[in-house]
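Below, each chain spelled out in residue letters.
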Amino acid sequence: MAPTIAVTREALEAQRERILAKLGVTIEEFAETVATNTLSGEEWEARDRLEEIYFLLDEAPAWPHD
C-alpha cells in the first residue's frame, strides 16, 4: 500500500506562489503564456505542477485545460 501524504491548503497555495515567483510572473501573465503554447522547459514543468496543485485544491486552472 502506498503511503498517504497530507498537505494543507495553505502549503499548496504557498507552493503555487513560490513557483510563480521563481518564474517572475503573476498567474495572469503565466496564463497568457500558456495560452500561446510558447513555454520553455521550466515553464512546462511549472504548468504541470500548477495543474496538480489546482487539482488538489479542487480549483480550475487559470488557463483552459487540454
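Our structure's up above, just so we're on the same page.
So, here is what we can say about the structure in this document.

Thresholds applied
- Residues numbered from 1 in each chain as written.
- Predicted model: local features only at pLDDT ≥ 70, side-chain atom pairs only at ≥ 80, totals over all residues.
- Heavy atoms only, no water.
- Helix = DSSP H or I, 4+ residues; strand = E, 2+ residues; numbered from the N terminus.
- Buried < 20%, exposed > 50% of the residue type's maximum accessible area, 1.4 Å probe, protein only.
- Contact = heavy atoms within 4.5 Å.
- Areas by Shrake-Rupley, 256 points an atom, 1.4 Å probe, with all protein chains shown as cover.
- Lys, Arg positive; Asp, Glu negative; His and termini not counted.
- Charge placed at Lys NZ, Arg CZ, Asp CG, Glu CD.

Further remarks concern the overall build of the chain. Secondary structure summary: the chain contains 3 helices and 0 strands in total. Ordered by position from the N terminus, the helices and strands of the chain form the series α-α-α. For the chain, buried positions account for 26% of its 66 residues. In the chain, once contacts between residues fewer than 6 apart in sequence are set aside, the share between residues at least 24 apart is 48%. Put simply, the chain shows about 4,800 Å² of open surface, and 55% of that area lies on carbon and sulfur atoms. Side chains of the chain carry 6 positive and 15 negative charges; the gap between the two charge centres is 5 Å.

To continue, consider unusual backbone geometry. Despite not being glycine, N37 shows a phi value in the positive range, around 55°. Considering the arrangement of structural elements, one finds N37 in the loop between helix 2 (27–36) and helix 3 (41–56). Positive phi, close to 60°, is recorded for D58, a residue that is not glycine.

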